[in-house]
Every structure is written in C-alpha cells, then in structure tokens.
Amino acid sequence: QVLLVESGGGLVQPGGSLRLSCAASASILNMNYMGWYRQSPGKERELVAVITSGGSPNYGDSVKGRFTISRDKAKNTVALQMNSLKPEDTAVYYCSAKTNNGLEYWGKGTLVTVSS
C-alpha cells in the first residue's frame, strides 16, 4: 500500500501561479511513474503531467509550456509548478503513482480554482 498526500491547492487569479506537491509513503524510485491528473465537473479525468522512473516528463497538451513537473527522490515527493493559470485549469488535481509491479495508487485530490 502506498499513500499519496497532495498539498498546495487553492484559489488563484488568472495568470497566476501555484505549486502542488505530492508526498509518497514509499520510495518513488520504485514507481514506474508518478504524477498528476485532474478532473473538473462533467469532464473525464485527464492527464496533467507524469514523470517516469527514468526522469522523463510527459505533459498533457493543454498544459505544455505552462506546467513543470519535478521530483525529489530523497524526499519521495513530486511537485507540479503551474504558471500562467487559466480558468479552464480549475479542477481537482490528483496525485497518481504506478509501481513497478503494476499497482496503481491515487491521492484524495486537491482543489485548484482559477478565478478573478
């Protein structure tokens, strides 16, 4: 069992920035990937950004050039720096991880609201 705890959500104005963090209860070196998905009302959950065990990032098309994913292997955390936020970025952001043996875990989510 791997616990994922997100932090850093909140209310921000359009054009602003937020930084999300996800802390894992196990070594992220054992993760095939770790990253972020989001879901807004009436929409399916979508990929935001993930980072592979080799350190390669993969971004959803809607956030490329604005969001940056990073990891701290010593602290077992993954961060998502979100810049130039838009109202359409409003969603619940979920941390996700998949272990090398195929087990997938999800955090409880953190709400990001982009509004003036």
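Further up the page is the structure itself.
Residues numbered from 1 in each chain as written. Predicted model: local features only at pLDDT ≥ 70, side-chain atom pairs only at ≥ 80, totals over all residues. Heavy atoms only, no water.

Draft legend 1. Main features of the packing of aromatic side chains. By the definition in use, this model includes 1 aromatic pair. With a centroid separation of 5.3 Å and 65° between ring planes, the pair formed by tyrosine 37 and tryptophan 106 is classed as edge-to-face. With tyrosine 37 in strand S4 (residues 31–39) and tryptophan 106 in strand S10 (residues 104–106), this residue pair connects regions lying 69 residues apart in the sequence. Under the relative-accessibility criterion, tryptophan 106 is labelled partly exposed at 34%. Note that arginine 45 overlies the ring of tyrosine 94, its terminal NZ or CZ placed 3.9 Å from the centroid. Taking NZ or CZ as reference, arginine 45 lies 4.6 Å from the ring centre of tryptophan 106, over its face. (Phe/Tyr/Trp six-rings, centres within 6.5 Å; stacked < 30°, edge-to-face > 60°. Helix = DSSP H or I, 4+ residues; strand = E, 2+ residues; numbered from the N terminus. Buried < 20%, exposed > 50% of the residue type's maximum accessible area, 1.4 Å probe, protein only. Lys NZ or Arg CZ within 6 Å of the ring centre and 35° of its normal.)

Draft legend 2. Molecular detail of empty space enclosed by the protein. Applying the stated rule across the entire model yields 1 cavity of 30 Å³ or more. Surrounding the largest cavity, Ile28, Met31, Tyr33, Met34, Ile51, Thr52, Ser53, Arg71 and Val78 form its lining. When residues of the lining of the largest cavity are assigned to their parent elements, the largest contribution, 3 residues, is made by S4. For the lining of the largest cavity, the per-class residue count stands at 6 nonpolar, 2 polar and 1 charged. (1 Å grid on protein atoms, 1.4 Å probe; cavity = no way out; pocket = protein on both sides within 12 Å on 5 of 7 lines; lining within 4 Å. Points joined across faces, edges and corners; volume = space filled by probe spheres on them. Nonpolar A, V, L, I, M, F, W, Y, C, P; charged D, E, K, R; others polar.)

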